[in-house]
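Architecture and fold: a report
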Amino acid sequence: MCRMQCVLALLALSVGLAHSWDIAVTTGDQLEFYTNGTKTHNEDVQFRDLTALAYDAVHNILLFVDKQSDNASIFSFSISNNKTQSLVRKKAYENIQGLAFDPVKGLLFWTDTKERSIYWISLKPGSKNNVYGNLLIKMDDEIPRAIAVDSCRGYIYWTNTNTTKPTIERARFNGSEREVVVDTNMFMPVALTIDQQTRKLYWADDREGIHYSIESSDLNGQDRKTLLLGIHHQPNALTVSKDSIYWVDWDYRSVWQISKYSEGETEPKQISNFNNEITFGIAANYKIEDQTQGIEECKELASLPRNDSTISDSINIPTDVGLFCVHGVKVNGKYVCKCTPGYTGERCDISVCQNYCFQGDCSVDAVGQPKCRCNAGYSGERCEVNACHGYCLNNGLCSLDDKSEPECQCIGDYEGSRCEAAKVFTTTTESVVVSPSTTVAPVQVETNESCQCNNTQPIPRLAKDVTTDDLISENVIKSCDDGWDPVRDPVIIMLGVLCGLLCLACAVLITKVLHLRRRPRIKKRIIVNKNVTPMTARPDQCEITIENCCNMNICETPCFEPRSTIRPTLLDSKPGKEEKKNLIANMEYPDDPY
């Protein structure tokens, strides 16, 4: 008897410990539980990357998403017996951001931002579901993210995070009666939850820049209030308990708490901090009685039986476990996929035709190898060779003809099938008929076929029927004007002007030189006596130049004076005979320069 009491006590203690938590979070590969801001325990469920999280108080289970699982994407974890079950098979491409469960109908809802859709499955026994989920609502411009369930009134609510027009919307469980409940003064509503006790919506808005807000309204979007307006938080998930609101903050890697009855200037309280891992999802522990007591619409929810020991009686869970093969089958007893022909990869999720053919259609042959059917103008094993590549020479334009063969349109003075040859000048001869009885000699017409002038005059032609007197034979030459060259022609003009200036300078210098040669150059001055009396001793009494004496003879010039008249004092300085000799020499050669 004592042993039985001990066992029951241990069982009660274990059940009490299982319920002794305020919030649960997903961080990395673990589920962590906190009470009064202190971590009580964690459940290592051998997963890789846990994200979205939801709690069902009726069955006492947590529902979560593992992004890196091999076989499934959504799982359940029973808090009572630590049992984990897979619920939804994993797609090759998906991004599940929000989870919500309705225990009344047994329906699980989730949002997929990549598909811009809302999916659902039924977890009641005997339900037939698509193993990947059933499509409920497909959206065009909206991006659904957070999702919540109003089990008492039969609505699902979700947030649209398209920043061009963010909204909070709702619809019936079957997707009907879809409507917008909040669409003003918000930027990106990232988190959403419903509190049946207060009949309110609570959401977190990651506003522009560093701002964020925690807001509320009634279930119809009216009576809107701002509970907290702050900065430097990046909220991701939101949950509500009996008295408090909790949210996950990615900036501080922590969980924050405020009272759900606060409004305005309330400061949030940090209750936990995560240094290494980023917390993604959060769920608050609550009792159904706390949520449904006194609410007429929640009678059915309040009457549900509690099942804390097992979920197998109420939820039909797929038994598929192991490696998930997209295009193939799992090898028995091994975590290896056998891929169907045309696929490869660890999970057979990569097509062999992916990015294989450059310009063509890819198909798989009998042995599973890719094969290309090239578009017109391309060839090669992967249709990587362009038929026009390097075909036309000399800047010719390449195109494909009716037979998909390359042909060239030549530019400039080139011709040929590939524009490989330069055009040549040809001479043609035309015969002109003057009259039926007269034939005029052929007229030579020179044609320059390589010319392509922009401004050319039409080539004159000879009339076919003209008289002999009117016939004028002439050579018709079609000429081309190359036009103005912006580099060559200015240089030529400048060189021409420079040459002209140099020639003019040379002419001026030659004229100056010739003029200077005709003028006498006087080097000496001879002092003579102007009067009939002899010269005095002062040499400045008589002064003439040789230029004035050029037309005088020896006897007439006053520059000459016999030796006898020279004063003795002057004879000592320079003899008169020597002066006469020099004077005669200068007069006989007047043009010689000195």
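Residues numbered from 1 in each chain as written. Predicted model: local features only at pLDDT ≥ 70, side-chain atom pairs only at ≥ 80, totals over all residues. Heavy atoms only, no water.

1. Some details on the UniProt feature "domain: EGF-like" (unreviewed entry) in the protein
Stated formally: UniProt positions are given in the numbering used here, feature names are shortened, and annotations may be inferred rather than shown by experiment. Secondary structure elements follow DSSP: runs of H or I no shorter than four residues count as helices, runs of E no shorter than two count as strands, and numbering proceeds from the N terminus.
The feature "domain: EGF-like" (unreviewed entry), as given by UniProt, occupies residues 310-349 and 384-420 in the numbering adopted here. For residues 384-420, helix accounts for 0% and strand for 32%, while the C-alpha atoms at its two ends are 25 Å apart.

2. Some words on the state of the cysteines
Stated formally: Cysteine sulfur atoms are paired as a disulfide whenever they fall within 2.5 Å. The classification of residues rests on relative accessible area computed with a 1.4 Å probe and restricted to protein chains. Under 20% of the type maximum is buried, over 50% is exposed, and intermediate values are partly exposed.
The full count for this structure, using the stated rule, is eight disulfides. Note on cysteine connectivity: Cys353 is disulfide-linked to Cys362, with sulfurs 2.0 Å apart. An S-S torsion of about -70 degrees defines the bridge between Cys353 and Cys362 as left-handed. Here Cys388 engages in a disulfide with Cys398; their sulfurs sit 2.1 Å apart. Here the S-S torsion is close to -70 degrees, and the disulfide linking Cys388 with Cys398 is therefore left-handed. A residue pair is termed long-range when its members are at least 10 positions apart, and Cys388 in the loop between strand 32 (385-386) and strand 33 (397-400) and Cys398 in strand 33 qualify at ten residues. The partly exposed category is assigned to Cys388, whose relative accessible area is 22%. The exposure class of Cys398 is partly exposed, given its relative accessible area of 27%. Cys506 forms no disulfide, and the closest cysteine sulfur to it belongs to Cys503, at a distance of 6.4 Å.

3. Concerning the packing of aromatic side chains
Let me state the cut-off plainly: Aromatic rings from Phe, Tyr and Trp, taking only the six-membered ring of Trp, are treated as a pair when their centres fall within 6.5 Å; an angle between ring planes under 30 degrees marks them as stacked, one over 60 as edge-to-face, and anything in between as tilted. Only when the NZ atom of a Lys or the CZ atom of an Arg is both within 6 Å of the ring centre and within 35 degrees of the ring normal do we say a charge sits over the ring.
Evaluated as defined, the whole model comprises eleven aromatic pairs. Where Trp21 meets Tyr55, the ring centres are 5.3 Å apart and the plane angle is 85 degrees; that geometry is what we call edge-to-face. Of this pair, Trp21 sits in the loop between helix 1 (2-19) and strand 1 (23-27) while Tyr55 sits in strand 4 (residues 50-56), placing them 34 residues apart in sequence. You'll find Trp21 and Tyr55 in the same group, each marked buried. Between Trp110 and Tyr119 the ring centres are 6.0 Å apart and the planes differ by 15 degrees, which places this aromatic pair in the stacked class. By relative accessible area, Trp110 is classed as buried at 3%. Given a relative accessible area of 9%, Tyr119 falls into the buried group. Here the aromatic residues Trp21, Phe33, Tyr55 and Tyr286 are joined through ring pairs into a cluster of three or more. It is Arg382 that lies over the ring of Tyr356; its NZ or CZ is 4.9 Å from the centre.

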